[in-house]
Amino acid sequence: MIRQTLLLIVMTASLTSCAQKEDVKKKFNEYQLSAELLTINLKDADAEHYFDLKTTLVNGADTKIVESTFDPSKNIGERWNLVSVNQISPSIKEIKEFDRTHNTTLEGVNGQIDASSWDIEKDDDAYLVLSFRHDKKSLPRKFSFLGDCKGLAYYNKKTERLEKTEFVNEKPLKIKVFNVTRLDMVVHYKFHDEAAVYLIHTEELDMEVKLLGQLVSIKEINEYGNYSKAE
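Residues numbered from 1 in each chain as written. Predicted model: local features only at pLDDT ≥ 70, side-chain atom pairs only at ≥ 80, totals over all residues. Heavy atoms only, no water.

1. A short note on the pairing of strand E7 (residues 161-169)
In this structure, strand E6 (residues 149-156) lies alongside E7, joined through 8 bridges in antiparallel fashion. Across the sheet, Lys 150 pairs through a bridge with Val 168, a residue of E7. In this antiparallel pair of consecutive strands, E6 and E7, the connection spans 4 residues, and Glu 160 shows a positive phi of 60 degrees. With 5 bridges joining them, E7 and strand E9 (residues 178-192) adopt antiparallel strand pairing. (Pairing = 2+ DSSP bridges. Helix = DSSP H or I, 4+ residues; strand = E, 2+ residues; numbered from the N terminus.)

Laid out in structure tokens, this is it:
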């Protein structure tokens, strides 16, 4: 009897999962969405765009501004370049730390979404909200922490555009040098008509971080710009 009950539960879960996948597939077709739209900026091996990045870290009264560039024409492991820290040329130590947290050294790394993770969180007159998770092993070094986060993609029905994604952690994270206990990350996109792609405009990370045994709130704002496609 217990075995039959367990088999029924497994079969029911499987049927529910299949139905959910079909519902998501229908929404993809209806709104011309795809997983590819959310992973353009997560490509390393197949990256197609140059861009500049300005990162502002706010820790209480302290603010740190880091400027960097990404060059897809360079060799794997050399594509991220640290330009300045608080408008001063970086030290050797800062460059080494930046390379360690940004530059992916493995070949063939391109961020992917786990196809079985898609689900419909909300579908009303204003938004279609889809949940998903990344394949942790596929992520470039800078975004490796997303493998332990749940993602929510917000499609604005009025503008007919993917508006943003939000990520919340499901376990403690390591982001750069920080041990993060809580993360709320919002990514805003800009649609580039000429290239017909969504590229990241801003990322806002609100984090609770363990520092010297205490929880500290840290905010990170990433501003992307000067995109150009590699030849």
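So much for the structure itself; the text now carries on.
2. Some thoughts on the environment of Lys 157
Its location among the elements puts Lys 157 in the loop between E6 and E7. The exposure class of Lys 157 is partly exposed, given its relative accessible area of 21%. In contact with Lys 157, other than residues within four places in its own chain, are Tyr 31, Asp 123, Asp 124, Asp 125, Ala 126, Tyr 127 and Leu 128. Of the polar contacts made by the side chain of Lys 157, one reaches the backbone oxygen of Asp 124; its length is 2.7 Å. (Buried < 20%, exposed > 50% of the residue type's maximum accessible area, 1.4 Å probe, protein only. Contact = heavy atoms within 4.5 Å. Polar contact = N/O pair within 3.5 Å; in protein donor to acceptor, adjacent residues only side chain to side chain.)

3. Quick look at the confidence of the model for the chain
Here the chain shows a mean pLDDT of 87. Residues at 70 or above account for 91%. Counting interchain partners and residues more than four positions distant, the pLDDT-below-50 stretch residues 1-19 has 0 contacts. (pLDDT = per-residue confidence, 0-100.)

4. Things to note about the nonpolar core
Counting residues in hydrophobic clusters, the biggest one holds 50 residues, and the most contacted among them are Phe 145 and Leu 183. At 7 residues, strand E10 (residues 197-211) tops the list of elements feeding residues into this core. (Core = buried A, V, L, I, M, F, W, Y, C linked by side-chain atoms within 4.5 Å.)

5. Topic: the packing of aromatic side chains
Within this structure, the stated rule accounts for 11 aromatic pairs. Between Trp 118 and Phe 132, the ring centres sit 5.2 Å apart and the planes meet at 35 degrees, which makes this aromatic pair tilted. Pair noted here: Trp 118 is in the loop between helix H2 (92-102) and strand E4 (119-123) and Phe 132 is in strand E5 (residues 127-132), with a separation of 14 residues, a long-range link. We classify Trp 118 as buried; its relative accessible area is 10%. A relative accessible area of 1% places Phe 132 in the buried class. A centroid spacing of 5.8 Å and a plane angle of 85 degrees characterise the contact between Phe 132 and Phe 167, whose relative ring orientation is edge-to-face. Of this pair, Phe 132 sits in strand E5 while Phe 167 sits in strand E7; the two residues are 35 residues apart in sequence, bridging distant segments of the chain. Neither residue differs from the other here; Phe 132 and Phe 167 are each classed as buried. Three or more aromatic residues link up through ring pairs in this structure, and these residues are Phe 51, Phe 70, Trp 80, Phe 98, Tyr 224 and Tyr 227. The ring of Tyr 154 carries the charged tip of Lys 164 above its face, separated from the ring centre by 4.7 Å. (Phe/Tyr/Trp six-rings, centres within 6.5 Å; stacked < 30°, edge-to-face > 60°. Lys NZ or Arg CZ within 6 Å of the ring centre and 35° of its normal.)

6. Here we look at the pattern of salt bridges
Counted by the stated rule, this structure contains 13 salt bridges. With its nearest N and O atoms 2.5 Å apart, the salt bridge here joins Arg 133 to Glu 170. Taken as a pair, Arg 133 in the loop between E5 and E6 and Glu 170 in the loop between E7 and strand E8 (173-175) lie far apart in primary sequence, 37 residues in all. Via salt bridges that share partners, Lys 27, Glu 30, Asp 123 and Lys 157 belong to a single interconnected network. (Salt bridge = Lys/Arg side-chain N within 4 Å of Asp/Glu carboxyl O.)

7. Some remarks on H2
Helical geometry note: an α-helix holds 3.6 residues per turn, so side chains three or four residues apart project in the same direction. Listed in full, the buried residues belonging to H2 are Phe 98, Thr 101 and His 102. The arc that holds every buried residue of H2, seen down its axis, measures 85 degrees, which confines them to one face. Exposed side of H2, more than 90 degrees from the buried face: Ile 92, Lys 93 and Lys 96 are the residues found there. (Arc of directions from axis to C-beta.)

8. Some thoughts on the side chain of Ser 117
Among the structural elements, Ser 117 can be located in the loop between H2 and E4. The exposure class assigned to Ser 117 is buried, which follows from its relative accessible area of 14%. At 2.9 Å, the side chain of Ser 117 and the backbone nitrogen of Arg 133 are in polar contact. The contacts of Ser 117, once residues within four sequence positions are left out, are Ser 131, Phe 132 and Arg 133.

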